[in-house]
Every structure is written in C-alpha cells, then in structure tokens.
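Structural overview
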Amino acid sequence: MSVEHDPVQRADFDQVMVPNYAPAAFIPVRGQGSRVWDQRGRELIDFAGGIAVNVLGHAHPALVKALTEQANLLWHVSNVFTNEPALRLAKKLVDATFAERVFFCNSGAEANEAAFKLARRVAFNQFGEDKHEIIAATNSFHGRTLFTVSVGGQPKYSDGFGPKIQGISHVPYNDIDALKAAVSSKTCAVVLEPIQGEGGVLPADLEYLQAARALCDEHDALLIFDEVQSGMGRTGSLFAYMHYGVTPDILSSAKSLGGGFPIGAMLTTQELATHFAVGTHGTTYGGNALACAVGEAVIDTINTPEVWAGVQAKHERFKSKLLQIGEQYAVFNEVRGLGLLLGAVLNDKWKGQAKAFLDAATEQDLMVLQAGPDVIRFAPSLVIDDADIDEGLARFERAVAQVVRG
Ligand SMILES: *Cc1c(COP(=O)(O)O)cnc(C)c1O
C-alpha cells in the first residue's frame, strides 16, 4: 500500500459513498472565521454555518484551544466513568437554563430520542401504559432515527421504512385550536420547535407556546422544546425559550452546542430525570471529553452581553439588506426568523425554487441554505464580521440577479 495520500475528488463521492447526499461540486478543505477555501484555493463566504452548527465560525481560537488542550489530556473513557469536561459543561448548562439535569449524546436526533423516551417513561411510571401519545407539529423536523422521523411532521422522511412508531399525532403549527383539540388525558408530551428550522424558519407565536404550556399543565403532559436548531445562541438568546419566556419540561440541544464538534444534550428537571434510572438509557460516546471540552468553550464564548448585542445588530444588518434585495428583484418580501437564523420567503412567482438561488449563490462563492423549497435560509456565525456580512450579501445580490435574468 502507498504511504502517501492519493488525492481525492468530488467524483470519488459517487464511487465510495452511500448516495443519500448530493454534495456541492467543490470540496472545502480549510475554514477561518466566516471564510472557507476549497481544494483549488477558491474562497467562499459561509452563511450556512454547517447547517446552523458553526456558531463561532471556523477555527475559532477558543474552540481550537479547548479541543487541542483536551486532546492532549483525555479523549474518551465511556460512561463507566465520568469526566471533568462533561461535568463542567453540564454545570454551565444547568446554571444558565431552567434545567437541573443533563444527558449528553452525539446528535440532535439522539437528544430528541432521549427526550421522547424520557417523556414516555415518565408517563408510564406515573399513569400507566395508556398515556403514551406524543403530539407534534406538521412540517416539524426532529431528526432521522425511526422514532424521530415518526415524530417529525414530514412524511417524505418517515414513509417507506416499515411500521412507524405508534401513538404520535400531528397538528398544524401555530394553530391553538388544533392543539387544544388534540391534547387529551392520553397525551404524554407535546413536542415543538420554538422556530421551525427545516420547515421554513417559521417562528412560533408567543400565544401558541403559552397555550401549549397551559394545555400540557392541564393534562399532565410534558412540554418538549426541540432547540437543536434554535438553541445555543442562534436567536440572540442562549435558548429560544428564554426569548419567549415559556419554559419547557425537557429541551433538546445539539448543532451549535458543539460549534462543529458532534455533541447533543437533553436538558430536564431533577424530578423528571429520576425516571431515567441506572440502565434505562445510554450511549457509549455520550459526554465524550473532547466534545464536552469544546461545548464548554462554546458556551463560555457566546453567553455574554457583547455577543447578544452583536447578534441583534447583525440581524438588523442582514434583514434590511435582504429586504432591499428581495424588493429590488421582486423575489421575496418577507424575511423571518430571530437573531441569526433567518429565512427569505420566496414570493409566488419564485415559489419552489430555493435550490436555484442556493446554486447561484455557490457560483458567486457564497454558501447559503434552503429550508424547504420556498425559503432561502441564513445561519452564519454569531461573530461574523460586518465586512463579511456586507461582502456575502453583495455576492447574494449577484446570485439573485443571475437567477432573475435566467
Ligand atoms: C438538525 C435538527 C435535528 C437533528 O439533528 P441531527 O444532529 O442531524 O441528528 C433535530 N431537530 C431539529 C430542530 C434540527 O434542526
């Protein structure tokens, strides 16, 4: 075998990878702040943030330091032992939120899997087998495991894999009456994203979350917020529930929590946590020392008044320029979302064509996202330089012009 690395190319993807993704034609090899370079040295501006993950951009010094220091100390010991970074990160999450207990895992789907299993176990222990129903919103996204696609309200992700997890029903998002009609004594949990991310960057109405809280209290059901996308600073608060002032019983976090290193967490109260007794749930990598060391550096770095003020200012900077572009080229007139999770909602003429704008942006050396077929999504670093915002939006404007010209 050759000792030197053979060069790899995008074409290799089709030869060696399961074809469940369709990655871009170029391969990123390096990132710094909100700039990314590909194999050929082409420089791109990153408004995608690894799908709302790279909350501090690429190679942030605080994260590089935490990761490399921990890499020289201890990587992994499993949950047969605990470790210092896991305990430090858990303490910080407990100090900063409603939660009193933390369960670590490796992804958003796993955090939700833990949340749903905990909700069912609590109801089972307290009320018996019948109280197992989970109510979720149509068009919601909670991950890709069988349980989480079953709870997620998007049949395209859940159909075709045999019997789904039973006892789950879906109601239209932001519809208080539909939720009222669905919640019953059999409901063990209501699961909501405070902002539907994949579903189109659609924020909940305050009255909706308040109604969900009241209905859960009335029916002895748990309120679960999936903050995998909205949490860890995206909205300009540490978690979106803080922005709304509506507190869940269980909260799932991932994505920004690791700033690019895989980690997930389920947060809950001391009382509910007791229902996950020794042996009821677990994962080998949960609380991995490298992941938790990075997570600790993320929360230390973002949870400051300066960062929150910056997110608000950058939100305004994005929004006003986006609205101007949308109007000038008559492609969208609504920009929704909170903080630095923004969605430009294509108008009727351009509905269904978000991918065309994404592709045109890539041609202009800009990484953006879509959120469904009708929404162009922006999830940049919370500490992106204003100059990068301005240059990225100039590139976006050229992309829009290109699509409109046809
Ligand atoms: C991304 C996402 C998930 C799934 O997270 P993974 O890390 O991909 O498993 C779950 N819920 C929401 C709201 C998400 O945005």
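Residues numbered from 1 in each chain as written. Predicted model: local features only at pLDDT ≥ 70, side-chain atom pairs only at ≥ 80, totals over all residues. Heavy atoms only, no water.

Taken together, 4 strands build an open sheet; the order of strands is E13-E14-E17-E16 and the sheet is antiparallel. Two strands in the sheet have a free side with no partner beyond their single neighbour: strand E13 (332-338) and strand E16 (369-370). Bridging between E16 and strand E17 (residues 375-378) involves 2 bridges; their strand directions are antiparallel. When the bridges of E17 are listed, Leu369 appears paired with Arg377. Here helix H13 (residues 305-328) sits on the sheet in contact with E13, strand E14 (341-346) and E17, set at roughly 160° to E13. (Pairing = 2+ DSSP bridges. Helix = DSSP H or I, 4+ residues; strand = E, 2+ residues; numbered from the N terminus. Contact = heavy atoms within 4.5 Å. Axes fitted to C-alpha atoms, helices over the stretch in contact; angles between N-to-C directions.)

Turning our attention to the site of the ligand. Residues in close proximity to the ligand include Ser107, Gly108, Ala109, Asn112, Phe141, His142, Gly143, Glu193, Asp226, Val228, Gln229 and Lys255, which together make up its full environment. Gly108 places a main-chain nitrogen or oxygen 2.8 Å from an oxygen atom of the ligand. Measuring from an oxygen atom of the ligand, one finds a side-chain N or O atom of Lys255 at 2.6 Å. A total of 380 Å² of accessible area belongs to the ligand in isolation, and the protein chains cover 82% of it. Of the residues contributing to the shell around the ligand, the split by class is 3 nonpolar, 6 polar and 3 charged. (Near = heavy atom within 4 Å. Polar contact = N/O pair within 3.5 Å; in protein donor to acceptor, adjacent residues only side chain to side chain. Areas by Shrake-Rupley, 256 points an atom, 1.4 Å probe, with all protein chains shown as cover. Nonpolar A, V, L, I, M, F, W, Y, C, P; charged D, E, K, R; others polar.)

What follows concerns the domain arrangement of the protein. Per the domain assignment, the segments making up the protein are domain 1 (11-59 + 304-405) and domain 2 (74-302). The interface of domain 1 with domain 2 comprises 25 residues on the first partner and 25 residues on the second. Together domain 1 and domain 2 conceal approximately 2100 Å² of surface at their shared face, both sides included; 64% is due to carbon and sulfur atoms. Considering only the side of domain 1, the residues that lose the most area to domain 2 are Trp308, Leu338 and Leu341, jointly responsible for 29% of the buried surface there. Applying the counting rule to domain 1 against domain 2 returns 1 salt bridge. The closest approach of N and O atoms between Arg377 and Glu198, which form a salt bridge, is 2.9 Å. (Domains from an automatic or database assignment. Buried area = accessible area lost by both parts, 1.4 Å probe. Salt bridge = Lys/Arg side-chain N within 4 Å of Asp/Glu carboxyl O.)

Here we come to the pattern of salt bridges. All chains considered together, the criterion is met by 21 salt bridges. A single salt-bridge network, built from bridges that share partners, covers Arg35, Glu43, Asp388, Glu391 and Arg395.

Looking now at the layout of surface pockets. For the second largest pocket, the calculated volume is near 730 Å³. Around the second largest pocket sit 34 residues that line it, and Asn79, Val102, Phe103, Phe104 and Gly286 are the ones nearest its centre. Breaking the lining of the second largest pocket down by element, the ones donating at least two residues are helix H4 (84-96), strand E4 (101-105) and strand E12 (264-268). When grouped by side-chain class, the residues that make up the lining of the second largest pocket number 17 nonpolar, 15 polar and 2 charged. (1 Å grid on protein atoms, 1.4 Å probe; cavity = no way out; pocket = protein on both sides within 12 Å on 5 of 7 lines; lining within 4 Å. Points joined across faces, edges and corners; volume = space filled by probe spheres on them.)

On to the pairing of E14, then. In terms of residue burial, E14 counts as a mostly covered element, since 6 of its 6 residues are buried. Here E14 shows no split at all, with Leu341, Gly343 and Val345 on one side and Leu342, Ala344 and Leu346 on the other all buried. In the sheet, E13 pairs with E14 via 6 bridges, with the strands oriented antiparallel. What sits directly across from Val335, in E14, is Ala344. Hairpin connection, E13 to E14: the antiparallel pair is bridged by 2 residues, and Gly339 has positive phi, about 55°. With 4 bridges joining them, E14 and E17 adopt antiparallel strand pairing. Following the sheet pairing, Leu342 is matched in E17 by Phe378. (Buried < 20%, exposed > 50% of the residue type's maximum accessible area, 1.4 Å probe, protein only.)

All right, on to the environment of Leu44 then. Examined against the element boundaries, Leu44 turns out to sit in strand E3 (residues 43-46). In this structure, the C-alpha to C-alpha distance between Leu44 and Thr362, residues 318 residues apart in sequence, is 8.2 Å. Ignoring anything within four residues of it in the chain, the contact list for Leu44 reads Phe26, Ser34, Arg35, Val36, Thr362, Asp365, Leu366, Met367 and Arg395.

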